[in-house]
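An overview of the molecular structure
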Amino acid sequence: MAETRGERARHWRYEELPGVDLLRARYIRKSFVRHTHEHFVIAAIADGVEVFHHGSGDQYAGAGALALVNPDTPHTGRAGVPEGWRYGAVYPSPDVVAAIAAETTTLRGTPGFVTPVLDDPYTVRLVHQVLRATDEGNALAADTLLRVVVTRLLRLNGGTLPRREVRTAGARTAARARAVLEERMAAPPTLERLATDLGTSPFALLRAFRAAYGMPPHTWLTDARVRRARRLLDAGTTPSEAAVTVGFTDQPHLNRHFSRIVGVPPGAYQRERKNVQDARGDLSVASGVWQRNGQQSTSTRTYGPAPETGPPTAERSRTAPWYGTPSASGSPSDSPGSPSE
């Protein structure tokens, strides 16, 4: 667990939930820069308010709401109230979500979330039950509840993500620039050199890249470096070696950017993931306790969703917006129901 001045965070994996990352955190002054995730983000807010720039504006998620972000969607994150926010999150991979959607919904194509904030205290509780089940090594409960969470969210707020087709000349240039940056991550060219090699001007490339990927090339490169560093850390590479490999000047340089995107330092990240079965004692949110609006109540030890107060919302045939291409205004942060039994 990483802890700094009242802020606590734990980012880990549970080996019985392959393809899923897990997080518990309380942040007060933390500010996440614009970044993306390869996985879906399902963040259940327990206390406080999180504000995150998403698409063309700020979104607000308070206690009892979920912040939902599709893969490869640029977004930020910060506290919306002085006391910050406390939440638990699950990050299922696109393959995990697609498999659940195929089995339990009628969605076709690539499934995703339609709106970035959903007020649903019932599902918020389920997300925290998933995390508690992993703490206690209850693989059956963790797997079952995760499937219930994903199914319910897709039924309440799911749609089909549109295909991202490269049609315009600008989009094709942006894709070529991205490929160059991926290949030359440790020693990238200047914007002018990159534009010249691609047969365009620096500002034309900058506009095309922002339109295609929701952030300028230098911000995208930092995000990509952190992604690659995560893979290296998962494979056992030391933080200092990972830093140099992906193009950061040294480990403190990696630490700064890693913490502003992942939420914990690379050393803490790697330790948790190397000890997925042993890191259960020091938890951000006490097991068995649910807090809401300043009140505590002890939950039962029985896993599983409580009875719903009303019928689940019927599934809708909708198309989810592709949030990876926000408006050109940018962001100041750049500086339902369960499956059938």
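In this text the structure is predicted, and so the values were computed from the model without any measurement.

1. Some words on the overall build of the protein chain
A tally of regular secondary structure across the protein chain gives 10 helices and 14 strands. Entry remark: accessible area of the protein chain is about 15400 Å², with carbon and sulfur atoms responsible for 50%.

2. A look at helix H7 (residues 217-234)
The periodicity of an α-helix, 3.6 residues per turn, causes residues three or four positions apart to be oriented the same way. For H7, spanning 18 residues, the distance from its first C-alpha to its last is 26 Å, which sits close to the expected 26 Å at 1.5 Å a residue. Counting buried positions along H7 gives 13 out of 18 residues, so the element sits mostly inside the fold.

3. So, the side chain of histidine 128
For histidine 128, the position within the fold is in helix H2 (residues 121-135). Among the polar contacts listed, one links the side chain of histidine 128 to the backbone oxygen of alanine 44, at a separation of 3.3 Å.

4. Some details on the packing of H7 against helix H10 (residues 266-274)
The N-to-C vectors of H7 and H10 enclose an angle of 40°; their axes lie 10 Å apart at closest approach. With respect to each other, H7 and H10 are oriented oblique. When you trace H7 past H10, the crossing you get is right-handed. Listed contacts from H10 to Arg230, Leu233 and Asp234 of H7 are Pro266, Tyr269, Gln270 and Arg273.

5. Re the packing of aromatic side chains
Counted under the stated rule, the structure contains eight aromatic pairs. Ring centres of phenylalanine 40 and phenylalanine 113 lie 5.5 Å apart, and the angle between their planes is 75°; this geometry places the pair in the edge-to-face category. Of this pair, phenylalanine 40 sits in the loop between strand S4 (31-35) and strand S5 (41-54) while phenylalanine 113 is found in strand S10 (residues 110-113), placing the two residues 73 residues apart along the sequence. When sorted by exposure, phenylalanine 40 lands in the same class as phenylalanine 113, which is buried.

6. Examining the nonpolar core
Core analysis: the largest hydrophobic core is formed by 47 residues, its most contacted members being Tyr27, Tyr87, Phe209, Trp220, Phe258 and Val262. Looking at which element gives the most residues to this core, the answer is H7, with six residues. In contact with phenylalanine 209, not counting residues within four places along its chain, are Ala174, Ala177, Arg178, Leu181, Gly214, Met215, Pro216, Pro217 and Trp220. Leu17, Leu107, Phe113 and Leu145 belong to the second-largest nonpolar core, a separate cluster that totals 35 residues.

7. Points about helix H6 (residues 202-213)
Between its first and last C-alpha atoms H6 spans 16 Å; for 12 residues at 1.5 Å apiece the expected length is 16 Å, and the two agree. Where H6 is concerned, the buried positions are Leu205, Ala208, Phe209, Ala212 and Tyr213. The buried residues of H6 all sit within an arc of 100° when viewed along its axis, so they share a single face. With respect to the buried face of H6, the exposed residues turned more than 90 degrees away are Phe203 and Arg207. Next to the buried residues of H6 lie helix H4 (169-183), helix H5 (191-198) and H7. Where H6 ends, the next residue or the one after it, glycine 214, has phi of about 75°, a positive value.

8. As for unusual backbone geometry
We note that aspartate 72 has phi near 60°; this positive angle belongs to a residue other than glycine. Tracing the chain through its elements places aspartate 72 in the loop between strand S7 (65-69) and strand S8 (75-79). A relative accessible area of 31% means that aspartate 72 is categorised as partly exposed.

9. Describing the pairing of strand S6 (residues 57-62)
The pairing of S5 with S6 spans six bridges and is antiparallel. Bridge pairing links valine 51 to tyrosine 60 in S6. The antiparallel pairing of S5 with S6 creates a hairpin that spans two residues between the two strands, and glycine 55 there sits at a positive phi of about 70°.

10. Points about the side chain of arginine 24
Tracing the chain through its elements places arginine 24 in strand S3 (residues 20-27). We classify arginine 24 as buried; its relative accessible area is 3%. A polar contact of 2.6 Å, which involves the side chain of arginine 24, links it to the side chain of aspartate 135.

11. Here's the deal with the environment of leucine 233
Mapped onto the fold, leucine 233 is located in helix H7. With 34 residues separating them in the primary sequence, leucine 233 and glycine 267 have C-alpha atoms 8.7 Å apart. Excluding residues within four positions of it along the chain, leucine 233 makes contact with Thr238, Pro239, Ala242, Phe258, Pro266, Tyr269 and Gln270.

12. So, the pattern of salt bridges
Counted under the stated rule, the structure contains 17 salt bridges. For arginine 10, the salt bridge identified is with aspartate 135, shortest N-O distance 3.3 Å. On the criterion of sequence distance, the pair formed by arginine 10 in strand S2 (residues 7-13) and aspartate 135 in helix H2 is long-range, its members being 125 residues apart. Pair check on accessibility: arginine 10 and aspartate 135 agree, each one buried. For the salt bridge of aspartate 58 with arginine 78, the shortest nitrogen-to-oxygen distance reads 3.2 Å. In this pair, aspartate 58 sits in strand S6 while arginine 78 sits in strand S8, placing the two residues 20 residues apart along the sequence.

Rules used in this analysis
- Within every chain, residues take consecutive numbers counted from 1 along the sequence as written.
- Two thresholds apply to this predicted model, a pLDDT of at least 70 for residue-level local features and 80 or more for giving and counting side-chain atom pairs, whereas whole-chain, interface and lining totals are computed over all residues.
- Remark: hydrogens and water are excluded; side-chain values derive from all non-hydrogen atoms of the structure.
- The way it works is that DSSP assigns letters per residue, a run of H or I at least four long becomes a helix, a run of E at least two long becomes a strand, and they are numbered from the N terminus.
- Each accessible area value is a Shrake-Rupley result obtained with a 1.4 Å probe; residue values ignore everything except the protein chains displayed when judging cover.
- Under the convention used throughout, the expected extent of a helix is 1.5 Å for every residue step, that is, one less than its residue count.
- When accessible area is computed with a 1.4 Å probe and restricted to protein chains, residues below 20% of their type maximum are described as buried, those above 50% as exposed, and intermediate ones as partly exposed.
- Side-chain atoms alone can form a polar contact between residues adjacent in sequence; in general such a contact is a pair of N or O atoms within 3.5 Å, and within protein one must be able to donate a hydrogen while the other accepts it.
- Fitted lines through C-alpha atoms give the axes, limited to the stretch in contact for helices. The angle between two N-to-C directions lies from 0 to 180 degrees.
- Convention used here: angles under 35 degrees read as roughly parallel, angles over 145 as roughly antiparallel, angles from 65 to 115 as roughly perpendicular, and any remaining angle as oblique.
- Throughout, a crossing is termed right-handed when the near helix is turned clockwise from the far one, and left-handed when it is turned anticlockwise from it by less than a right angle.
- Contacts: residue pairs with any heavy atoms within 4.5 Å of one another.
- A pair of Phe, Tyr and Trp rings is counted when the ring centres sit within 6.5 Å of each other, with Trp represented by its six-membered ring. The angle between the planes then sorts it: under 30 degrees is stacked, over 60 is edge-to-face, the rest tilted.
- In this text, buried Ala, Val, Leu, Ile, Met, Phe, Trp, Tyr and Cys residues form a nonpolar core when linked through side-chain atoms within 4.5 Å.
- In this context, the arc is that of the directions from the helix axis out to the C-beta atoms.
- Two strands are counted as paired when DSSP detects at least two bridges linking them.
- We define a salt bridge as a contact between a side-chain nitrogen of Lys or Arg and a carboxyl oxygen of Asp or Glu at a distance within 4 Å.

By themselves, these are just geometric observations and shouldn't be taken as functional.
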